[in-house]
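Fold and contact review
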Amino acid sequence: MSEFVENKDQEEKATNEVEPITNMADALDSVQEIKVGDIVTADVLAFDESNQVRVAIKNSGGLEGVIPKNELATSRVEDPSEVVSIGDELELVVVKPIKDKENGNYLLSKKRIDARKVWAELEEKHANKETIEAPVKDVVKGGLVVDAGVRGFVPASMVEDYYVDDFSSYKGQTLEFQIVELDPADNRLILSHKEIARQKREEERSQRLSELEEGSIVEGKVARLTNFGAFIDLGGVDGLVHISRIAHEHVKHPSDKLTVGDTVEVKILSIDEEEGRISLSIKDTLPGPWDDIEEKASEGTVLKGVVKRLVSFGAFVEVFPGVEGLVHISQICHEHIETPSDRLSEGQEVEVKVLSADPQEKRLSLSIKALLDRPADFEEKQEEAPKPRRNKTTNRNNQRRQSEKTNQQSGATSTSLNDAATEGSFTLGDLLGKNFAELQQDAEESDQD
């Protein structure tokens, strides 16, 4: 019995002596052999004076490593504590061994392991034709730089489906992109926002078009100016204000009245949903130039104006923007003149007196003569003007010529009447004026002879 106990004690003693050897072997086997390019797991120990992160590499037999600030993340890092915290367990890639082992045994990178994962995700999304969202980090010559976990580039031609002159407003925006091209080996990622923007705009345009009604007055912003008008953004859809619809008065160029970014009220004249065209008017939202003409240009009012057009029977003078009145040839001066151009020229500034105003017919009768002093010898000159003597033959010839002249004048008067009707016509007596008086004088002289 005692012999059995003694043998048992010897076996236990032998077992105890072998156990530490077995555990040491296991420990040596568990130590990971580290090579450049390996992925290791490490715990964050501390931040050193150079803002580097010191870590303890697991299963390495007590080896340590260091992560430089520029290897923490794909974006610029100022303070490592914003990216990792002490005690965090990180997955890292071995960049190279460190000769000076005071700061650790290996140089490690978190950025590169993160980038591997990002590239793998991007490749999968590209294969499935999925889009990604990423913030625009910078505007550079030729396009936009975005942070997609790795650096991505958007060429200028792929930002929008229309020309953009200044991309500065895109910085800081988070946009949706299509992956056009990627090559992890060259860190090349080309993205596009163009098609996504076009599709989104078409959807918004269709929705907005269904909400707009012809004849309604809405608010919009001046988006673009051209030689022929202004494009107004109505909230996802653009409409055109033709240059003739910007103001009541003549506008040489839209930039004379509008600036890109201006908020304006417009009236919707027509909507063509098939063509996606909207015709707008700013002029129709403004008070008409003739609305209060009786107050601004009551009878007897003296106004300043500019000669806009000269016609055979007088001159049209603009006294207010969009308001023109007629100075009949007989109201230009006291003396007889053959044509208005004898005294006036287009663009000339003149002072006129209002003879009458008709807001319904949009007619304004003006006079320059009423503001001029009559020459002292005006009546004497009229009386002293010699009258030609005529014999019967002359009278017959004159009558024949007068008949032809009357027919011509009748045709000319008809034309003048048509012109006057177009321009804002006046009475028959006003338009005939001198012609009527000459016919009457010739008739009287014929009777005397």
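Use the structure listed above.
Quantities reported herein were computed from a predicted structural model and do not represent experimental measurements. (Residues numbered from 1 in each chain as written. Predicted model: local features only at pLDDT ≥ 70, side-chain atom pairs only at ≥ 80, totals over all residues. Heavy atoms only, no water.)

**Describing the pairing of strand β5 (residues 106–109)**
The following threshold applies: Throughout, exposure labels follow a simple rule: accessible area from a 1.4 Å probe, protein chains only, divided by the maximum for the residue type, with under 20% read as buried, over 50% as exposed, and the rest as partly exposed. Numbering of helices and strands runs from the N terminus, with a helix taken as a DSSP run of H or I at least four residues long and a strand as a DSSP run of E at least two residues long. Note: two strands are recorded as paired if DSSP finds a minimum of 2 bridges between them.
Residues Y106 and L108 point to one face of β5 and L107 and S109 to the other, with burial holding for every one of them. One ladder, built from two bridges, connects strand β3 (residues 64–67) with β5; its direction is parallel. When the bridges of β5 are listed, V66 appears paired with L107. Both strand β4 (residues 89–97) and β5 contribute to a ladder of four bridges, which runs antiparallel.

**Overview of the environment of P321**
Here is the rule: We call two residues contacting when some pair of their heavy atoms lies within 4.5 Å.
Along the polypeptide, P321 turns up in the loop between β17 (314–320) and β18 (323–328). Each residue touching P321, except ones within four places of it in the same chain, is listed here: E249 and P289.

**Some remarks on helix α2 (residues 111–127)**
Keep this limit in mind: Multiplying 1.5 Å by the helix residue count minus one yields the expected span of that helix.
With 17 residues, α2 should cover 24 Å at 1.5 Å per step; its first-to-last C-alpha distance of 24 Å lies within 8% of that length. If you check which residues of α2 are buried, you get I113, A115, V118, W119 and L122. For α2, the elements touching its buried residues are β1 (39–47), β4, β5, β6 (131–140), β9 (174–183) and β10 (188–192). Looking one or two places after α2, you find K129, whose phi comes out positive at around 60 degrees.

**Regarding the side chain of R208**
Counting through the fold element by element, R208 comes out in helix α3 (residues 194–211). When neighbours within four sequence positions are excluded, R208 is seen to be in contact with L234, G235 and V237.

**Comments concerning the side chain of S109**
To keep things clear, this is the line we draw: Here a polar contact is taken to be a pair of N or O atoms separated by no more than 3.5 Å, where protein atoms must pair a possible hydrogen donor with a possible acceptor and residues adjacent in sequence count only if both atoms sit in side chains.
Of note, S109 is situated in strand β5. A polar contact of 3.4 Å, which involves the side chain of S109, links it to the backbone nitrogen of K111. Apart from the residues lying within four places of it in its own chain, the contact partners of S109 are E71, L92, V93 and V95.

The values are spatial; any link to function lies outside them.
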